[in-house]
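In case you want the letters, here they are:
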There are 2 protein chains.
Amino acid sequence: MACDLVRAINRRTLVWALAVLPVASGAFVRPAKAQGSQGQPLASWNEGPAKQAILDFVRATTDQASPKFVPPEERIATFDQDGTLWVEHPMYTQVVYCLDRVPAVVAQKPELKDREPFKTVLSGNREAMAKLSLQDLEEILLATLTGMPVEVFNAEAKKWIETARHPRWNRLYTELTYQPMQEVLQYLRDNRFKTFIVTGGGQDFVRVYSQQVYGIPPEQVVGTASGVKYSYDENGKPFLTKEPKLLLNDNNAGKPEGIHLEIGRRPRAAFGNSTGDREMLEYTGAGDGARLMMLVLHDDAQREYAYGPARDLPESKVGTFTQALYDEAKKDGWTVISMKGDWKRIFAFD
Amino acid sequence: MACDLVRAINRRTLVWALAVLPVASGAFVRPAKAQGSQGQPLASWNEGPAKQAILDFVRATTDQASPKFVPPEERIATFDQDGTLWVEHPMYTQVVYCLDRVPAVVAQKPELKDREPFKTVLSGNREAMAKLSLQDLEEILLATLTGMPVEVFNAEAKKWIETARHPRWNRLYTELTYQPMQEVLQYLRDNRFKTFIVTGGGQDFVRVYSQQVYGIPPEQVVGTASGVKYSYDENGKPFLTKEPKLLLNDNNAGKPEGIHLEIGRRPRAAFGNSTGDREMLEYTGAGDGARLMMLVLHDDAQREYAYGPARDLPESKVGTFTQALYDEAKKDGWTVISMKGDWKRIFAFD
């Protein structure tokens, strides 16, 4: 899990991120709430082919008179998280969490204090941090995401997510979900779709806040997962420990594989924003009947970010929307969502 | 998956099973339907401590005035399948499926025809089949459960489960679910519990019929799981192949581990019948607030089977209800369900 999470991030990302990130989170406020629909569906969407594709799909699958009607129990919709439901720049939120956790981990294991890469992270020297290798980062992720009881991890992650802020907006990460996508989640649920997150990020991490932030319960979050180990404490009370053993790398082909493992049905609709979502969209599209495949294109540098080589945007630093992905979308009838053109507003606070 | 499924079955089981099983299934009829509640909850239960424990638990967790009230989204109940929701004797249904599939597998791969253990299974010689080693059985399970596209497996398993019959009752296996347990599932769902199957059997196998037989959708079935592999056919269409790689051995400690992986919450209620369910019940009981842990004791040789050394019953052949498990149940306040004493009827057709 740690390794793959790290491999998804290139060196440039790290350098850029460290240049703008505070090393530790500052003062904190209440978490954002998931936003429901506001009377009419998709209120934050401009009229256009993207909005129309969603409306047409829902009509085709829920109207009993439609030849493409889908029984409610088969209405499964899957959503990538980073870059699809919330901001992924300048760095995946979970990686920020791991860096922020280093001081606490070292406090528990003082022998790490003078060992690399922990020493460098503790120093706060961003120039030195930017030079950390991928192997160093792996070690940091392993130390901060595994080795503790599940309840301890959950409590730590919950505390962090309720307080940590994004450096650009100085807002909680949980406030940086895309309002138009929150409306899609709500609109699909209003039409008896079951909504799932299928993320390359850590399954346990996202489950901590998925209900509160997206209205998606933990059991409907599929993500990169490490194993857990069942054992007993000194009083004979059982507990589960997070192990440094990768069970599911929920990226690329791992997404349909994870969907099979934890959902067991092919989605009717799938939403992503990068090559890591390609196989999930292909797998969704390979089913018969009505299917909806959508990709969020980050082309709004002013209100969010613009990245991805498609349409002459600068090269991506985290999520990768390549020209090949863009071509596949066009060829296979996937709908590309332009943040700039299709979304009236990006965030609930806009 | 295959290996562990096999290891759960001792030699004696095999001998016994082969003595009574037809080698191939005979003529077939329509599948059984899941039975809902019948006006009043738990109609097939006799008054007594087991029924009362269920009623008390539901009242405590759903009455808003109760100090043990549980919000609906946290109402998770998990059920073992074999021996808890349906008959597991004389052999796990899925193992019967695997033996029944051997002729079809050999037809696809004629080179297996003269190779052991396939040759012996094809011979129909029960005496010889009873001598198959566990390694032989492993090979049969691997050959019949992996190596094919997911859709092909699903179609084959569906066809089989709609037609195969239990030798004792000459009824579909799907008719041999316990009516009182169907009522528990329905009663919990009526009270906004989400019901899950957590089975040592194959996750993909149980998902084929879980909705129809138990009203439980595929995404709420956790079981022993092999990996799948994403690839493309000659037309570029993607598909998933079942691989002979064990991802989750959903027995014993694997049950709470599987619950963490695919549900991500500790259950409020858990139902089992053997030592394979012990850790799931322990893990459930280790949470705070109201919890319900129940074990089905097979003590009714006349209407079903009687097995398990507890209470002087003959030694178990498949599910093992040991004296140690019985003692743990008493010590930890788990409720033992006597099929003979607590259930007015066993099956819907009784």
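Here goes a summary of the coordinates provided. (Residues numbered from 1 in each chain as written. Chains lettered and ligands numbered in written order. Predicted model: local features only at pLDDT ≥ 70, side-chain atom pairs only at ≥ 80, totals over all residues. Heavy atoms only, no water.)

1. Brief notes about the overall build of chain A
Scanning chain A from N- to C-terminus turns up 15 helices and nine strands. Counting every position in chain A, which comprises 350 residues, the buried fraction comes to 59%. Residue pairs at least 24 apart in sequence account for 69% of intrachain contacts in chain A once pairs closer than 6 positions are excluded. Carbon and sulfur atoms make up 49% of the accessible area of chain A, which totals about 13400 Å². (Helix = DSSP H or I, 4+ residues; strand = E, 2+ residues; numbered from the N terminus. Buried < 20%, exposed > 50% of the residue type's maximum accessible area, 1.4 Å probe, protein only. Contact = heavy atoms within 4.5 Å. Areas by Shrake-Rupley, 256 points an atom, 1.4 Å probe, with all protein chains shown as cover.)

2. Section: helix H13 (residues 278-285) of chain A
Within H13 of chain A, six of the eight residues are buried, leaving the element largely enclosed by the surrounding structure. Residues of H13 of chain A that are buried include every one of Glu279, Met280, Leu281, Glu282, Tyr283 and Thr284 of chain A, and no others.

3. Concerning the relation of the copies chain B and chain A
Take chain B, turn it by 180°, move it 0.0 Å along the axis, and it overlays chain A with an RMSD of 0.0 Å. Such a turn and shift between the copies fits a two-fold axis. Nearest to the rotation axis, the C-alpha of glutamate 262 of chain B is located 2.8 Å from it, this being the minimum over chain B. Here 100% of the interface residues in chain B have copies in chain A that are interface residues too; the copies meet face to matching face. (Least-squares fit on C-alpha atoms with pLDDT ≥ 70 in both.)

4. What about the packing of aromatic side chains?
All names here are of chain B. Counting across every chain of the model gives 35 aromatic pairs over all chains. Ring geometry for phenylalanine 57 versus phenylalanine 193: centroids 5.5 Å apart, planes at 45°, classification tilted. Placement of phenylalanine 57 in helix H3 (residues 49-62) and of phenylalanine 193 in the loop between helix H9 (179-190) and strand S4 (194-202) is noted, with a sequence separation of 136 residues between them. Like phenylalanine 193, phenylalanine 57 is buried. Seen in terms of ring centroids, tryptophan 160 and tyrosine 173 are 5.6 Å apart; in terms of plane orientation they differ by 20°. Their pairing is stacked. (Phe/Tyr/Trp six-rings, centres within 6.5 Å; stacked < 30°, edge-to-face > 60°.)

5. A look at the sheet that holds strand S8 (residues 292-297) of chain A
Residue and element names in this part refer to chain A. Ordered in space as S6-S5-S4-S1-S7-S8-S9, the seven strands form an open sheet in which the pairing is mixed. A strand with exactly one partner marks an edge of an open sheet, and here the two such strands are strand S6 (238-248) and strand S9 (335-338). Strand after strand, the sheet turns through a mean of 35° between neighbouring axes, direction not considered. By the bridge criterion, seven bridges tie strand S5 (residues 221-232) to S6 in an arrangement that is antiparallel. Bridge pairing links tyrosine 232 to proline 238 in S6. The sheet strands contacting helix H9 (residues 179-190) are strand S1 (76-79), strand S4 (194-202), strand S7 (269-272) and S8, and the helix crosses S1 at an angle near 165°. (Pairing = 2+ DSSP bridges. Axes fitted to C-alpha atoms, helices over the stretch in contact; angles between N-to-C directions.)

6. A few points about the pattern of salt bridges
Residue and element names in this part refer to chain A. In the structure shown here, the tally under the stated rule is 38 salt bridges over all chains. A salt bridge links arginine 101 to glutamate 156; the shortest N-O distance between them is 2.8 Å. Here arginine 101, found in helix H4 (residues 93-108), pairs with glutamate 156, found in helix H8 (residues 150-161); they are 55 residues apart in sequence, far enough to count as distant. Judged by its relative accessible area of 16%, arginine 101 falls in the buried class. The salt bridge involving aspartate 332 is made with lysine 331; its shortest N-O contact spans 3.0 Å. Residue classification places lysine 331 among the exposed residues on the basis of a relative accessible area of 67%. Linked through salt bridges whose partners overlap, the residues forming this network are Arg278, Glu279, Glu282 and Glu328. (Salt bridge = Lys/Arg side-chain N within 4 Å of Asp/Glu carboxyl O.)

7. Overview of the side chain of lysine 255 of chain B
Residues and elements named next belong to chain B. Examined against the element boundaries, lysine 255 turns out to sit in helix H12 (residues 254-262). A polar atom in the side chain of lysine 255 sits 2.8 Å from the backbone oxygen of valine 198. With sequence-adjacent residues up to four places away left out, lysine 255 is seen in contact with Asp80, Val198, Thr199, Gly200, Asp250, Gly276, Asp277 and Met280. (Polar contact = N/O pair within 3.5 Å; in protein donor to acceptor, adjacent residues only side chain to side chain.)

8. A closer look at the interface of chain B and chain A
Taken together, the contact pairs 38 residues of chain B with 38 residues of chain A. Roughly 3200 Å² of surface becomes buried between chain B and chain A when both sides are summed, with 55% attributable to carbon and sulfur atoms. One can count six salt bridges joining chain B with chain A. For lysine 194 of chain A, the salt bridge is made with glutamate 219 of chain B, and the minimal N-O distance between the two is 2.9 Å. Applying the counting rule to chain B against chain A returns 26 residue pairs in polar contact (both at pLDDT 80 or more). Contributing elements (two or more residues each) for the side of chain B that touches chain A: helix H8 (150-161), S4, helix H10 (203-207), strand S5 (221-232), strand S6 (238-248), H12 and helix H13 (278-285) of chain B. Tallied by class, the residues present in the side of chain B that touches chain A amount to 18 nonpolar, five polar and 15 charged. (Buried area = accessible area lost by both parts, 1.4 Å probe. Nonpolar A, V, L, I, M, F, W, Y, C, P; charged D, E, K, R; others polar.)

9. A closer look at helix H4 (residues 93-108) of chain B
All names here are of chain B. Over its 16 residues, H4 extends 23 Å from the first C-alpha to the last, a length consistent with the 22 Å expected when each residue adds 1.5 Å. At valine 102, H4 shows its largest bend, some 40°, and a proline, proline 103, comes one to four positions later. For H4, the complete set of buried residues consists of Thr93, Gln94, Val95, Val96, Tyr97, Cys98, Leu99, Asp100, Arg101, Val102, Val105 and Val106. (Expected span 1.5 Å × (residues − 1). Bend = angle between axes of the 7 residues up to and from the residue.)

10. Considering the pairing of S8 of chain A
Residue and element names in this part refer to chain A. Burial of S8 is extensive: six of the six residues sit out of reach of the surface. Going residue by residue along S8, you find Leu292, Met294 and Val296 tucked away on one face and Met293, Leu295 and Leu297 tucked away on the opposite face as well. Looking at chain direction, S7 and S8 are connected through four bridges and run parallel. Considered in S8, the bridge of glycine 272 is made with leucine 295. Handedness of the crossover is the feature at issue here: the chain leaves S7, passes through H13, returns alongside S8, and the resulting connection is right-handed. As paired strands, S8 and S9 are joined by four bridges and run parallel to one another. Bridge pairing links methionine 294 to threonine 335 in S9. (Right-handed = clockwise from strand over helix to strand, strands pointing away.)

11. Some words on the packing of H12 of chain B against H13 of chain B
Each packed pair of helices is defined by two parameters, the angle between the axes and the distance between the axes. Residues and elements named next belong to chain B. Across the interface, H12 lies against H13 with an axial gap of 7 Å and an inter-helix angle of 60°. Here H13 runs oblique to H12, going by the angle between their axes. Contacts between H12 and H13 pair Lys255, Pro256 and Ile259 from the former with Glu279, Met280 and Tyr283 from the latter. Tallied by class, the residues present in the contact of H12 with H13 amount to four nonpolar, no polar and two charged. (Parallel < 35°, antiparallel > 145°, perpendicular 65-115°, else oblique.)

12. Quick word on the packing of H4 of chain B against helix H7 (residues 134-145) of chain B
Residues and elements named next belong to chain B. Between H4 and H7, the shortest axis-to-axis distance is 9 Å and the interhelical angle comes to 70°. Of the possible angle classes, the one that applies to H4 and H7 is roughly perpendicular. Residues Gln94, Tyr97, Cys98, Leu99, Arg101, Val102 and Val105 of H4 form the contact with H7, whose own contacting residues are Leu137, Ile140, Leu141, Ala143, Thr144 and Leu145. Tallied by class, the residues present in the contact of H4 with H7 amount to ten nonpolar, two polar and one charged.

13. Topic: the sheet that holds strand S7 (residues 269-272) of chain B
Residues and elements named next belong to chain B. Taken in spatial order, the seven strands of this open sheet run S6-S5-S4-S1-S7-S8-S9, and their pairing is mixed. Strands with a single pairing partner mark the edges of an open sheet, and in this sheet they are S6 and strand S9 (335-338). Mean inter-strand twist for the sheet, computed between neighbouring axes without regard to direction, equals 35°. On the sheet, H3 packs against S7, strand S8 (292-297) and S9 and is oriented at approximately 155° with respect to S8. Packing against the sheet, H13 makes contact with strand S1 (76-79), S4, S7 and S8, and its axis sits at approximately 160° to S7.

14. Digging into the pairing of S7 of chain B
On a regular strand, one side chain projects to one face of the sheet and the next to the other, so that they alternate. All names here are of chain B. The two faces of S7 match: Ala269 and Phe271 on one face and Ala270 and Gly272 on the other face are all buried. Inspection of the sheet shows S1 paired to S7 by three bridges, in the parallel sense. The residue bridging threonine 78 from the neighbouring strand is alanine 270, located in S7.

The analysis is restricted to geometry; functional conclusions fall outside its scope.
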